[in-house]
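Examining the three-dimensional arrangement
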Amino acid sequence: CFNFFFKNIQKNTYFYIRIIYIISIYMRVRQIFFFLYLYINTCCFPVFAQQSSEFQAKYIRGTLLPHHESIAFVVSDYQNGVEFQYNQRANHISIYDSLYRFPKFGIGYQFVSLGNTQKLGYASNLFGSMQISLFSNQKSNLGFEQNLGLSYIYSPLEISPYNTALSSRINFYAGIDIYYEYRISQTHTIKSGFELSHISNGKIKTPNLGLNSIGVSMAYIYTTTLITKPQKIKHIPRQQHALYSLISGAYKSDDFLGTKKYHVASALLEYKYVPNRRYGILAGINSFYDQTIFSRQTNNTTLNQKLHILEYGIHSGIAAHYNNMYIFMCSGMYIKASNNKPPYYSKVGIRYSYHNLLFNFSVKSHKTTADFLECGIGVYLYKSKQQ
């Protein structure tokens, strides 16, 4: 069954890559929720809740989805991996926990082969996890899981010249799982799932084709109950309308495999409408500054040339809120762009509000290819009354 399943996937790989790209956009709206858990602990009043703790061991069998000929050339075997997780769930912490059906948060480690142990090697992935239940009863549970963290590559391009997908040892790791759990007893559970994952470095170093994987998994879960203790509930006010400005900066490599790093920057003016506590709608204008346009020039760049490469665009998107943070994805269209760039771009990331300030971390990309990271800070220009 494994062989038949994955051979048919490899025959239709480009069709599935399009599907995975659509799923990955949805995935990134939710995948960073693990980090949001760190900000729940300020309180308005305490309650008592019973916490459950889980220890999970998982076996993964899958295959790479080669979206480039150089990757397809070296893929010769299926992926095999093991994963260990620790998860915890509190019965009630904030109103957002009830809105998201009391999710589980945890940390995990995964060791997996990359489809060719000699040329692509192995990866170690350390990540935060959030699991949300879609349907459950006393014996069964159907849900999805989002993972986000870092990946260590044992055979990057500098070690193996065949690995043109990953040129750096440290990369970003993101994954989404659809799973089914069957509870054998109060403490023992078996779990099966369908998994998608992505590894890349956000174009901090090139080449950066990245690796996309698809697979199935089987897991055993041991559950224990911790002592009942007081928990804190935090009331988060909702602001239905907001207008803010953001400035972000970072650096990236060019597309010519050079070692030099180039400065990039972006600015935006954005309006957010929040019809309910969970979701919001975004619309705004962007400007981008990318020094890699001058990577092939030998002469010093003048100020007029630098101003001339400013790019402009408009975008719209959606956001998912959790306490004072929200995760967003946007699609945009260039009004003015440099040569050889696609007409459209996208952004996914996370933002955290602190009083009148807004902190941002996001990735700008063209289709499935990352353009650069955005790390920045902004300020609210207008906020409606709290609800």
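None of the values given here were measured: they were computed from a predicted structure.

Summing up its helical and strand segments, the protein chain has six helices and 18 strands in all. For the protein chain, the proportion of its 387 residues judged to be buried stands at 49%. Excluding contacts between residues fewer than 6 apart, the proportion of contacts in the protein chain whose partners are at least 24 apart in sequence is 64%. Put simply, the protein chain shows about 19000 Å² of open surface, and 63% of that area lies on carbon and sulfur atoms.

Taking burial as the measure, the 13 residues of strand S2 (residues 52–64) include ten buried ones, the bulk of the element. As defined by bridge partners, S2 adjoins strand S3 (residues 79–89) across eleven bridges and the pair is classed as antiparallel. Within the sheet, the bridge partner assigned to Tyr59 lies in S3 and is Val82. As paired elements, S2 and strand S9 (residues 211–225) share 13 bridges and run antiparallel to each other. Pairing of Gln56 across the sheet is with Ile221, part of S9.

Across a sheet, strands are paired by hydrogen bonds formed along the backbone, either parallel or antiparallel in direction. Within the closed barrel, the eight strands sit side by side as S2-S3-S4-S5-S6-S7-S8-S9. Their pairing is antiparallel. Strand after strand, the sheet turns through a mean of 25° between neighbouring axes, direction not considered.

Further remarks concern the side chain of His321. Along the chain, His321 turns up in strand S14 (residues 311–322). What His321 contacts, discounting residues up to four positions off in sequence, is Tyr96, Tyr100, Lys272, Val274, Arg277, Arg278, Tyr279, Gly280 and Tyr326.

A word on the pairing of strand S8 (residues 188–200). The sheet contact formed by strand S7 (residues 170–183) and S8 spans twelve bridges and is antiparallel. Each residue of the ladder has a partner; that of Ile178, found in S8, is Phe194. The antiparallel pairing of S7 with S8 creates a hairpin that spans four residues between the two strands. Taken together, the twelve bridges between S8 and S9 define a ladder with antiparallel strand orientation. Opposite Thr189, over in S9, you have Ile221 as the bridge partner.

In this structure the tally under the stated criterion is 14 aromatic pairs. Grouping aromatic residues by their ring pairs yields a cluster made of Phe111, Tyr122, Tyr152 and Tyr154. Between the NZ or CZ atom of Lys119 and the centre of the ring of Tyr162, over which it lies, the distance is 4.4 Å. Above the ring of Phe288, the side-chain terminus of Lys364 is found at 4.6 Å from the ring centroid.

Ranked by internal contacts, the top residues of the largest apolar core, which has 15 residues, are Leu114, Ala123, Ile153, Leu166, Ile199 and Leu211. Elements that contribute at least two residues to this core include exactly helix H4 (69–74) and strand S5 (122–136). With residues up to four places along the chain from it excluded, the contact list for Leu114 reads Leu64, Gln79, Leu120, Gly121, Tyr122, Ala123, Ile153 and Leu211. Listed in part, the eleven residues of the second largest apolar core include Ala242, Tyr244, Tyr326 and Leu358.

Counted under the stated rule, the structure contains 14 salt bridges. Of the charged contacts, one joins Lys104 and Glu181 as a salt bridge, the two residues approaching to 3.7 Å between their closest N and O atoms. Note that Lys104 is positioned in strand S4 (residues 104–113) and Glu181 in strand S7, a separation of 77 residues in sequence. By sharing partners, the salt bridges in this structure join Asp290, Glu311, Lys341, Lys364 and Asp371 into a single network.

What follows is about unusual backbone geometry. The residue after Thr206, namely Pro207, is reached through a cis peptide bond having omega 0°. Counting through the fold element by element, Pro207 comes out in the loop between S8 and S9. Located in the positive-phi region is Asn323, a residue other than glycine, with phi close to 55°. Checked against the element boundaries, Asn323 lands in the loop between S14 and strand S15 (325–336). Despite not being glycine, His355 has its phi angle at roughly 55°, a positive value.

The predicted model of the protein chain averages 81 in pLDDT, with 78% of residues at 70 or higher. When mean pLDDT is taken per element in the protein chain, S4 scores highest with 95 and helix H3 (residues 33–36) scores lowest with 40. Low pLDDT, under 50, characterises residues 20–48; the predicted model gives this stretch 81 contacts beyond four residues in sequence or across chains.

In spatial order, the strands read S11-S12-S13-S14-S15-S16-S17-S18; together these eight strands close into a barrel with antiparallel pairing. Taking the axes of each pair of neighbouring strands and ignoring which way they run, one obtains an average angle of 25° across the sheet. Sheet topology note: the S14/S15 ladder contains eleven bridges and is antiparallel. From the neighbouring strand, Gly317 faces S15, where its bridge partner is Cys330.

For Arg351, the location among the structural elements is in strand S16 (residues 344–354). With a relative accessible area of 2%, Arg351 lands in the buried category. A polar atom in the side chain of Arg351 sits 2.7 Å from the side chain of Glu270. In this structure the side chain of Arg351 is engaged in a polar contact, spanning 2.8 Å, whose partner is the side chain of Asn360.

Cut-offs applied
- Residues numbered from 1 in each chain as written.
- Predicted model: local features only at pLDDT ≥ 70, side-chain atom pairs only at ≥ 80, totals over all residues.
- Heavy atoms only, no water.
- Helix = DSSP H or I, 4+ residues; strand = E, 2+ residues; numbered from the N terminus.
- Buried < 20%, exposed > 50% of the residue type's maximum accessible area, 1.4 Å probe, protein only.
- Contact = heavy atoms within 4.5 Å.
- Areas by Shrake-Rupley, 256 points an atom, 1.4 Å probe, with all protein chains shown as cover.
- Pairing = 2+ DSSP bridges.
- Axes fitted to C-alpha atoms, helices over the stretch in contact; angles between N-to-C directions.
- Phe/Tyr/Trp six-rings, centres within 6.5 Å; stacked < 30°, edge-to-face > 60°.
- Lys NZ or Arg CZ within 6 Å of the ring centre and 35° of its normal.
- Core = buried A, V, L, I, M, F, W, Y, C linked by side-chain atoms within 4.5 Å.
- Salt bridge = Lys/Arg side-chain N within 4 Å of Asp/Glu carboxyl O.
- pLDDT = per-residue confidence, 0-100.
- Polar contact = N/O pair within 3.5 Å; in protein donor to acceptor, adjacent residues only side chain to side chain.

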